[in-house]
Amino acid sequence: METNLPSLPMMEIFSYLDAYSLLQVAQVNKNWNELASSDVLWRKLCQKRWFFCDMVTLQLHGKETWKQFFIYRTWQEHAKTRAKPEDFTYKEIPVEFEFRAYAYYISKHGLTRNGQGKSAVCMVTSMNRISTWDIHEGVMTWESPVQEFYIELMTTLPEMHIVVTVDIRSTIKLWDCHNSEALATKRMVSSCQLLKAVITKDGPIVLVSDISGNLYIFRIPDLHLISEVNVFPYSIDELHCSPQNKWVFLIMKHPHVLTKVFYMNSLLRPSEFSDPVSTILEFSLCKRAFWTPRREDRITLMSRNIPPSPTKFGIFDMKLEEIGNKVTVQGHLTASFSLADYEGTPECFGVSDKDVFVCSTGSSLLLFNINGLCLQTFQYCPEMIVRLCVDPVHVIVICNNGSLDVYAWEERSPLLRKCYRLQNRSYLPPSSFINKALCDDVSIIGVMTNSPAPCYLMAYTLNICS
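Looking up the protein chain in an unreviewed UniProt entry gives the name F-box/WD repeat-containing protein 15-like isoform X2, with the organism given as Mus caroli. Of the protein chain, the UniProt comment under Pathway (unreviewed entry) reads exactly: "Protein modification; protein ubiquitination."

Okay, structure coming up:
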């Protein structure tokens, strides 16, 4: 005899389940299926897994329910893990810029069930011109006019199809990659050092740092100056925004200067705060930083390796605190460990949403938990690891011979699963190396630098449904 418990207590119980468990309980009976398919439950899961769900509606994605959206978006995310090397189309896109190549996605699309999703990149194709490319077809779709001065920095905002550039005269320009003229222009006083565009809950912005250690926040699309703050006595070396852009982390690689974290709202709404809200993280010799995916307040720092001291990792949780009418921020050290027992120096690292750390030492790919316990090791010989590309679903390993190894984070365990290798299809001169890697649901791109020969993009695009 079937017994139906009251709906409200059942919904409360179901709210603690993950997606896999919800799909299981939905098979018990008709009543449980109706409760376990509730939009309230599945929207919460979508918002936890993809922060952008806070700012979109289902109508934009053509889905009727949040459950359908979750299942479809997860299917998209795992397209590369289901694929085989022969499922990829390979294209090489030449870059005239011989010294360094900037390339970023200008639009990112997932694989569809009835066809090929397409991705496009924008890159500096010569020292004073940018262009966009359909990487599946390997064809140029737009090119800017020749600029008066060399382009020194570039970033993109794929959600809005926007490109931001800075030239050697420190002139910021905003492009829509359709029109020949820039949408907005802003001249800086000091030389620019870093450039990043993000979408916040207050709208899209550009973050710019200069050689004097100042951080500027400009509004998109008119490049109106929202705020500025002096962060360090000299230039900022790295800038990292948290997954939902609540925090801004900044590094100055100096032995006597510690890292800083700013509360983004205090930079976006200067009239509401007497001063920008920030804190210093007590972690010396910081070399790299990585925000934990799908967790807004956790960041991991990696120290520089200076023998005899080993490489250290520190995990900090950021927390806002109110004292009277004043808002402060604190960074609490949650865990730390060092790699004293491993050969080689970690150069690249990333973090999964399960707090598993992956790092490369050149000849090895190592996985650790939050306490420093080694969970998994992948050996590389004779090739060497030169880059890692880490996201919540994949780890892409780039080797010195140009090959790309695709790994996937296991859904219900902390480990990695090796999926396949994409072999480099071109001859690489001894002076060649991949200085950057990009990936989305349907493509993997390596930015190949040859000296003195020109650079080019190695683009692998998934072209069938797997």
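A closer look at the overall build of the protein chain
Scanning the protein chain from N- to C-terminus turns up seven helices and 32 strands. Sorting the 466 residues of the protein chain into buried and exposed places 54% on the buried side. When contacts within the protein chain are restricted to residue pairs at least 6 apart in sequence, long-range pairs at least 24 apart make up 46% of them. Accessible area of the protein chain: about 21,500 Å², with a carbon and sulfur share of 52%.

A few points about helix α4 (residues 39-49)
Helical geometry: 3.6 residues make up each α-helical turn, so side chains three or four residues apart lie on a common side. Restricting attention to buried positions, one finds in α4 the residues Leu41, Trp42, Leu45, Cys46 and Arg49. For α4, the angular spread of the buried residues around the axis is 135 degrees, confining them to a single face. In α4, the exposed positions that point more than 90 degrees away from the buried face belong to Val40 and Lys48. Taken together, the buried residues of α4 touch α1 (7-14), α2 (19-25), α3 (30-36) and α5 (66-77). With a side-chain oxygen lying 3.1 Å from the backbone nitrogen of Val40, the N-terminal cap of α4 falls on Ser38.

What about the sheet that holds strand β26 (residues 385-390)?
What the four strands build is an open sheet, ordered β26-β27-β28-β29; its pairing is antiparallel. On the outer flanks of this sheet lie β26 and β29 (416-422), each paired with one strand and no other. Averaged over all neighbouring strand pairs, the angle between strand axes comes to 20 degrees, with direction disregarded. Pairing of strand β28 (residues 404-409) with β29, which is carried by six bridges, proceeds in the antiparallel orientation. By the bridge assignment for β29, Tyr407 is matched with Lys418.

Brief notes about α5
With 12 residues, α5 should cover 16 Å at 1.5 Å per step; its first-to-last C-alpha distance of 16 Å lies within 8% of that length. For α5, the buried fraction is high: 10 of the 12 residues fall into the buried class. Those residues of α5 not exposed but buried are Trp66, Lys67, Phe69, Phe70, Tyr72, Arg73, Thr74, Trp75, Gln76 and Glu77. Summarising the contacts, the buried residues of α5 are in contact with α2, α4, α6 (79-82) and β27 (394-399).

Some thoughts on the side chain of Thr171
Counting through the fold element by element, Thr171 comes out in strand β8 (residues 171-175). Contact partners of Thr171, with chain neighbours within four places excluded, come to Thr165, Val166, Thr185, Lys186 and Arg187.

What to know about the layout of surface pockets
One way to see where empty space is left: roll a probe the size of a water molecule over the atoms. Taken as a whole, the second largest pocket holds about 900 Å³ of empty space. Considering the residues around the second largest pocket, the lining is formed by 32 residues, among which Asp18, Ala19, Arg49, Phe70 and Glu411 are closest to the centre. Among the elements of the structure, α2, α4 and α5 are those that each provide at least two residues to the lining of the second largest pocket. If you tally residues by element for the lining of the second largest pocket, the top one is α4, at five residues. Its residues placed into classes, the lining of the second largest pocket shows 16 nonpolar, five polar and 11 charged.

Considerations on the environment of Leu416
Tracing the chain through its elements places Leu416 in strand β29. Beyond its immediate chain neighbours, meaning those up to four positions away, Leu416 contacts Val358, Leu365, Leu367, Gln376, Phe378, Val395, Tyr407, Ala408 and Trp409.

Looking at the packing of α4 against α5
Running from N to C, α4 and α5 cross one another at 30 degrees; their axes reach a closest spacing of 8 Å. For α4 against α5, the interelement crossing comes out left-handed. Contacts from Asp39, Trp42, Arg43, Leu45, Cys46 and Arg49 of α4 reach α5 at Trp66, Lys67, Phe69, Phe70, Thr74 and Glu77.

Conventions adopted
- Residues numbered from 1 in each chain as written.
- Predicted model: local features only at pLDDT ≥ 70, side-chain atom pairs only at ≥ 80, totals over all residues.
- Heavy atoms only, no water.
- UniProt positions renumbered as here; feature names shortened; annotations may be inferred.
- Helix = DSSP H or I, 4+ residues; strand = E, 2+ residues; numbered from the N terminus.
- Buried < 20%, exposed > 50% of the residue type's maximum accessible area, 1.4 Å probe, protein only.
- Contact = heavy atoms within 4.5 Å.
- Areas by Shrake-Rupley, 256 points an atom, 1.4 Å probe, with all protein chains shown as cover.
- Arc of directions from axis to C-beta.
- Polar contact = N/O pair within 3.5 Å; in protein donor to acceptor, adjacent residues only side chain to side chain.
- Pairing = 2+ DSSP bridges.
- Axes fitted to C-alpha atoms, helices over the stretch in contact; angles between N-to-C directions.
- Expected span 1.5 Å × (residues − 1).
- 1 Å grid on protein atoms, 1.4 Å probe; cavity = no way out; pocket = protein on both sides within 12 Å on 5 of 7 lines; lining within 4 Å.
- Points joined across faces, edges and corners; volume = space filled by probe spheres on them.
- Nonpolar A, V, L, I, M, F, W, Y, C, P; charged D, E, K, R; others polar.
- Left-handed = near helix turned anticlockwise from the far one by under 90°.

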